[in-house]
Structures are given as structure tokens and as C-alpha cells.
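# Topology and contacts: notes
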Amino acid sequence: QVQLVESGGGSVQTGGSLTLSCAASVNTYNYCMGWFRQAPGKEREGVARIYSRSGVTVYADSVKGRFTISRDNAKNTLYLQMNSLKPEDTAVYYCAARVGGCYSGPGMYTNWGHGTQVTVSS
């Protein structure tokens, strides 16, 4: 099982920025990696993902234009740059990875970090 550890969460005001990091225990070259989030009482939802081969990125409509996902395979690290944060972005953010296809649904991933809290206040 791949170990994933998120960091970089915190509290910001509306319009602020945060950068999340996800450190993996293995080389991430062959992994599709993604960010998901879950607010209290809500289902876990996909935020963004990045393909292992092409590097193509895909974003949820709710964050498109505001968030940027990137990866540094030399450091086995995934990033999520979050700008123009809104209160509805408040959630625990999780890093996930899988070998093979790259999908939006959280059920398709088996490797998960424990999450990092992001809180955006008005």
C-alpha cells in the first residue's frame, strides 16, 4: 500500500490562497494522482487529478480556473495550488493515487492520505 501524507492546510479568508502538498512513500511516476475533498456531512468529491503519462490535468467545474494541480515525480510529491478560495472550499482535502486509469470518482482510488483541513471564512 502506498503511503500518502498531505500537508499545507490551514485557515484563510475568502479570496486567499493555499498550497497543499502530498508526499508519497514510493516513486509516483506511474501513478495517476488526484485531490479530493470532503466537507462535514457531505460526500467525498473529486477536485482535480493529473495523469501519470501525459500529465494531462482535469478539474472539477467548481474549482476550474482557481486551482492548479501539479506533480514533481523526482520528489514523489503532488501539489494543489488553490487561489481565490471561497467558503464552499472548506473541507478536508485528501490526496489519492492509483496505477492505471485516471478517474474522477473517489471509489476508483485505493491509496489515500489522512487529509489536511482547509477552512475558508467570509
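Heads up: these notes are all about the structure in this document. (Residues numbered from 1 in each chain as written. Predicted model: local features only at pLDDT ≥ 70, side-chain atom pairs only at ≥ 80, totals over all residues. Heavy atoms only, no water.)

## Some details on the side chain of R71
What counts is decided by this rule: Numbering of helices and strands runs from the N terminus; a helix is a DSSP stretch of H or I covering at least four residues, while a strand is a stretch of E covering at least two. Throughout, exposure labels follow a simple rule: accessible area from a 1.4 Å probe, protein chains only, divided by the maximum for the residue type, with under 20% read as buried, over 50% as exposed, and the rest as partly exposed. Charge assignment: positive for Lys and Arg, negative for Asp and Glu; neither His nor the chain ends contribute. We define a salt bridge as a contact between a side-chain nitrogen of Lys or Arg and a carboxyl oxygen of Asp or Glu at a distance within 4 Å. Counted as a polar contact is a pair of N or O atoms within 3.5 Å, where, for protein atoms, one must be capable of donating a hydrogen and the other of accepting one, and residues adjacent in sequence contribute only when both atoms are in side chains. Any two residues whose heavy atoms approach within 4.5 Å are treated as being in contact.
Within the secondary structure layout, R71 lies in strand β7 (residues 67-72). No salt bridge is formed by the buried R71, whose closest oppositely charged neighbour, D72, lies at an N-O distance of 8.5 Å. Engagement of the side chain of R71 in a polar contact is seen with the backbone oxygen of I50, the distance being 3.5 Å. Reaching out from R71, the side chain makes a polar contact with the side chain of N73 at a distance of 3.1 Å. If near-sequence neighbours (up to four positions away) are discounted, R71 is found in contact with T28, Y29, Y31, C32, M33, I50, Y51, S52, T77, L78 and Y79.

## Let's talk about the nonpolar core
Spelled out, the test is: Nine residue types can take part in a nonpolar core, namely buried Ala, Val, Leu, Ile, Met, Phe, Trp, Tyr and Cys, and a core is a set of them joined through side-chain atoms within 4.5 Å.
Ranked by internal contacts, the top residues of the largest apolar core, which has 27 residues, are M33, W35, L80, M82 and Y93. Among the secondary structure elements, those contributing two or more residues to this core are β3 (18-24), β4 (31-38), β5 (45-50), β7, β8 (77-82), β9 (91-99) and β11 (116-121). Once residues within four sequence positions are removed from consideration, L80 is found in contact with L18, T19, L20, W35, V47, A48, F67, T68, I69 and Y93. C32, A96, C102 and Y109 belong to the second largest nonpolar core, which has five residues in total.

## A few points about the environment of V92
Here V92 shows up in strand β9. In sequence terms V92 and F36 are 56 residues apart; their C-alpha atoms lie 8.3 Å from each other. The contact partners of V92, leaving out residues within four places of it in the chain, are F36, R37, Q38, G115, T116 and Q117.

## Focus on the packing of aromatic side chains
Inclusion rule: In summary, the pairing rule links any two rings of Phe, Tyr or Trp, Trp by its six-membered ring, whose centres are within 6.5 Å, and it sorts them by plane angle into stacked for under 30 degrees, edge-to-face for over 60 and tilted for everything else. Each ring is checked for a lysine NZ or an arginine CZ that lies within 6 Å of its centre and within 35 degrees of its normal; such an atom marks a charge sitting over the ring.
Per the stated rule, a full pass over the model turns up four aromatic pairs. Pairing Y94 with W112 gives two aromatic rings, centres 6.4 Å apart and planes at 80°, and the pair type is edge-to-face. In this pair, Y94 sits in strand β9 while W112 sits in strand β10 (residues 111-112), placing the two residues 18 residues apart along the sequence. Plain terms: the ring middles of Y109 and W112 are 6.3 Å apart, the flat faces sit at 65° to each other, and that makes the pair edge-to-face. Among the aromatic side chains, those forming a connected cluster through ring pairs are F36, Y94, Y109 and W112. Residue placement shows R44 over the ring face of Y94; its charged tip is 3.8 Å from the ring centre. Directly above the ring of W112 sits R44, whose terminal nitrogen or CZ lies 4.7 Å from the centroid.

## Focus: the sheet that holds β8
What links the strands of a sheet is backbone hydrogen bonding, and the strands pair in either a parallel or an antiparallel sense. Going by this rule: The criterion for strand pairing is that DSSP finds at least two bridges linking the strands in question. An axis is simply a line fitted to the C-alpha atoms; with a helix, the fit covers only the stretch in contact. Between two such axes, the angle follows the N-to-C directions and lies from 0 to 180 degrees.
In space, the four strands of this open sheet follow the order β1-β3-β8-β7, with antiparallel pairing throughout. Strand pairing shows two members of the sheet lacking a second neighbour, β1 (4-7) and β7, which therefore form its edges. Neighbour-to-neighbour, the strand axes of the sheet open up by a mean angle of 15°, direction not taken into account. The pairing of β1 with β3 spans four bridges and is classified as antiparallel. Residue pairing for β3: L4 is matched across the bridge by A24.

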